[in-house]
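The primary structure of each chain is shown beneath.
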Amino acid sequence: MDVNIKVGRRRRGVDFEHKRPTQEGGAHSAIVPWTKPGIDVEIAVAKGNFLDVFCGRRARIHARCMRGACVNNNARWTAAGQLFDFLSSILTLLFCVLRIFIHSHRLLLHTRCCHLDFRNQLMRLCYDRPSGVKLDPTVSSVPWEAPVPYNCDQVEGSSGLEEDSYMPNIGSVFRSKKKKDKDEKSHKENGPTDIIIEEPPVTPSTEGSIRQSLGSAPSTATTANSHSGGTISANKQPPSPTASTGPLAAKDDPMTTPAAPESHAASNANPAGPGHNRAPSQGQKTEPVYRATKGKYTLSDFTFQRTLGTGSFGRVHLVQSKHNLRFYAVKVLKKAQVVKMKQVEHTNDERRMLQRVKHPFLITLWGTFQDSKNLYMVMDFIEGGELFSLLRKSQRFPNPVAKFYAAEVALALDYLHSLNIIYRDLKPENLLLDRHGHLKITDFGFAKEVPDITWTLCGTPDYLAPEVVASKGYNKSVDWWSLGILIFEMLCGYTPFWDGGSPMKIYENILRGKVKYPAYIHPDAMDLLQQLITPDLTKRLGNLYHGSRSVLEHAWFAEVNWERLLSKQIEPPYVPPVRGGIGDASLFDKYPEETEEYGKDGPDQYGHFFTDF
Ligand SMILES: Nc1ncnc2c1ncn2[C@@H]1O[C@H](COP(=O)(O)OP(=O)(O)OP(=O)(O)O)[C@@H](O)[C@H]1O
């Protein structure tokens with residue numbers, strides 16, 4: 001009879017079979033490979049045979065011996081068997097440890113995200129995107145459609161149908177006669193009030209001079225803010241960020257100098273300041289200039305109108321100055337709410353940062369004041385609504401449109417960083433379109449002067465950099481990360497780490513750091529995004545040796561003429577359908593109005609927190 005060895009798990013068939021013809025009375029040995037606990041070894045040995053079996057210590061051996069046969073399970077005692085057992089135990093142990101590690105890592109990640117979420121909810125530092133907003137990756141295949149009348153006719157030779165024809169090449173502007181006629185007509189209808197946008201609300205002391213300006217002839221602001229035609233400028237160098245501080249000069253402060261129309265015209269004509277056309281000078285340090293904003297106005301200087309938007313701590317109203325009849329936006333923050341949400345420092349920072357900055361693509365703060373219950377911040381009214389609404393209606397922007405907005409934001413960030421200010425809340429909800437279609441960044445609630453690093457957790461989940469999520473110290477580079485997310489969202493219609501809208505999932509995805517780039521993204525844009533949306537701070541563009549220049553000089557922005565962009569000479573891709581100067585807020589969503597009356601007398605419990613207002 002043969003020596004017959006079968007190895008397999010019970011009821012699961014035979015994995016190994018060893019059959020060897022034997023003669024009666026012979027002695028044999030057989031090594032049964034890869035036996036391990038729970039493996040059955042079945043042996044049949046013929047009468048008179050002797051068999052040594054080498055197999056795993058814990059293998060169950062069922063010997064069906066013919067009478068007179070002998071089976072020894074030597075494995076238990078052999079060094080090979082023990083070594084085999086030992087190694088298999090080690091491997092099993094390692095495998096278990098690995099599984100525990102993976103699970104605990106997941107658990108840790110989950111706990112960290114829970115913690116982050118809990119802190120956010122507790123302190124309301126991180127904001128979800130507005131509810132009811134459809135952020136669906138599947139919509140990204142929908143081509144650009146101008147949601148409202150689009151000024152395709154401004155683009156010479158454009159059919160208005162091809163993707164790239166929706167926007168003039170950044171750097172060259174062609175202005176059609178039709179657009180010029182429209183501007184002139186609108187100017188005749190609305191008078192000069194429709195021309196000078198950035199006019200301070202007048203206090204009784206300056207009222208006289210502004211009244212004069214109402215009747216004055218159109219100033220040079222018309223030509224400055226209009227989109228003059230022209231050829232491509234040879235100077236494509238990124239402008240010096242410090243060059244934009246010109247209008248910070250005290251003469252532009254509505255309180256200290258009665259604003260003559262010409263002076264405002266001049267500041268509008270050259271928003272970047274008188275020096276902006278000079279060759280870019282890098283590395284210049286800007287001296288901080290703080291405009292006087294404290295207690296400049298009172299409630300009685302304005303007529304409050306509808307709500308333009310609401311935030312976590314208050315709301316923004318459209319108001320009309322009783323003195324110059326122009327329209328402004330007033331952000332009203334409830335002191336009690338701000339204190340309760342531990343936002344005292346952020347609110348004071350917001351006022352201080354806004355007071356400091358002056359840039360064509362940043363909102364202008366004219367003044368602040370307070371009553372016993374509320375804080376008030378008087379800003380320009382930006383009529384064109386949020387970029388967010390435009391993006392949601394358009395689903396996604398074509399490459400040149402996204403590039404235009406990204407370039408304006410990049411200039412603003414460049415400027416803020418030159419003042420050591422981190423913005424920290426970049427998202428389309430905070431980008432407003434002026435009536436010409438240029439961007440204005442609003443909501444400086446999280447802006448902060450940070451020369452080196454900071455740790456505060458704040459921002460909007462989709463836009464948080466991994467170092468913020470991981471509660472590490474971070475610096476200005478978080479704004480460049482957010483720029484990457486913004487560009488991605490503009491090009492794709494959704495954010496790269498979006499995941500069913502749950503902030504927890506978003507944090508996990510951010511920490512994992514895997515981004516799927518749709519095939520339709522332009523290769524240059526993808527290259528830029530990959531270098532912005534990188535967790536590796538030693539590789540993130542904007543955080544490298546050349547700072548923001550490395551972003552502005554990236555190939556995707558190759559055709560951008562930065563000087564002309566800064567002076568608003570580049571035709572925006574989309575002109576919001578609003579009538580400027582008449583308080584047209586039709587592009588803003590409707591909100592339930594505040595029921596509590598402003599300016600009521602009462603104890604000022606929290607006034608000491610806001611002495612700067
Ligand atoms: N200057 C402005 N002109 C027109 N609308 C504005 C202006 N400033 C703000 N808004 C509108 O009001 C909304 C809320 O403003 P803002 O984001 O400054 O408030 P917030 O309380 O800080 O909000 P959040 O909770 O998002 O931080 C904006 O999204 C925008 O729609």
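Our subject is the structure listed above.
A short tour of the structure in this document, coming up.

Definitions and limits used
- Residues numbered from 1 in each chain as written.
- Predicted model: local features only at pLDDT ≥ 70, side-chain atom pairs only at ≥ 80, totals over all residues.
- Near = placed C-beta within 6 Å.
- Helix = DSSP H or I, 4+ residues; strand = E, 2+ residues; numbered from the N terminus.
- Nonpolar A, V, L, I, M, F, W, Y, C, P; charged D, E, K, R; others polar.
- Buried ≥ 20, exposed ≤ 12 C-beta atoms within 10 Å, placed from the backbone.
- Pairing = 2+ DSSP bridges.
- Core = buried A, V, L, I, M, F, W, Y, C linked by C-beta atoms within 7 Å.
- Contact = placed C-beta atoms within 7 Å.
- Axes fitted to C-alpha atoms, helices over the stretch in contact; angles between N-to-C directions.
- Left-handed = near helix turned anticlockwise from the far one by under 90°.
- Arc of directions from axis to C-beta.

**A look at the site of the ligand**
Next, step 1: Close to the ligand lie 22 residues; Gly 309, Gly 311, Val 316, Ala 329 and Asp 443 are nearest.
Next, step 2: Mapped onto the shell around the ligand, the elements with two or more residues apiece are strand E8 (302-310), strand E9 (314-321), strand E10 (327-334) and strand E12 (374-380).
Next, step 3: Of the residues that constitute the shell around the ligand, the class distribution is 10 nonpolar, seven polar and five charged.

**Observations concerning the pairing of strand E11 (residues 365-370)**
Next, step 1: Burial within E11 is extensive, with five of its six residues counted as buried.
Next, step 2: Bridge count between E11 and E12: five bridges; the pairing is antiparallel. For Gln 370, the partnering residue across the bridge sits in E12 and is Leu 375.
Next, step 3: Hairpin connection of E11 to E12: three residues between the antiparallel strands.

**What to know about the nonpolar core**
Next, step 1: Counting 106 residues, the largest nonpolar core has Ala 406, Val 409, Leu 483 and Ile 487 as the members making the most contacts within it.
Next, step 2: Ranked by the residues each element gives to this core, the list is headed by helix H9 (residues 399-418), at 13 residues.
Next, step 3: Excluding residues that lie within four positions of it along the chain, Leu 483 makes contacts with Ala 406, Val 409, Ala 410, Leu 413, Leu 426 and Leu 532.

**Considerations on the sheet that holds E9**
Sheets are built from strands paired through backbone hydrogen bonds, the pairs being either parallel or antiparallel.
Next, step 1: Taken together, the five strands give an open sheet; going across it, the order is E8-E9-E10-E12-E11, and neighbouring strands pair in antiparallel fashion. Each edge of the sheet is formed by a strand with only one pairing partner; in this case those strands are E8 and E11. Strand-to-strand twist of the sheet, defined as the mean angle between neighbouring strand axes without regard to direction, takes the value 25°.
Next, step 2: Packing against the sheet, helix H7 (residues 344-356) makes contact with E10, E11 and E12, and its axis sits at approximately 145° to E11.

**Comments concerning the packing of helix H11 (residues 477-492) against helix H13 (residues 523-532)**
Next, step 1: Running from N to C, H11 and H13 point in directions that differ by 145°, and their axes come no closer than 8 Å. Crossing hand, H11 versus H13: left-handed. Counted together, Trp 480, Trp 481, Leu 483, Gly 484, Ile 487, Phe 488 and Leu 491 of H11 and Ala 525, Leu 529 and Leu 532 of H13 form the full contact between these two elements.
Next, step 2: Classifying every residue of the contact of H11 with H13 gives nine nonpolar, one polar and no charged.

**A look at helix H8 (residues 387-394)**
Next, step 1: Of all the positions in H8, only Leu 387, Leu 390, Leu 391 and Ser 394 are classed as buried. For H8, the angular spread of the buried residues around the axis is 95°, confining them to a single face.
Next, step 2: Looking at the buried side of H8, the elements it contacts are H9, strand E14 (431-433), strand E15 (439-441) and H11.
Next, step 3: Of the residues flanking the end of H8, it is Gln 395, one or two places downstream, whose phi is positive at about 70°.

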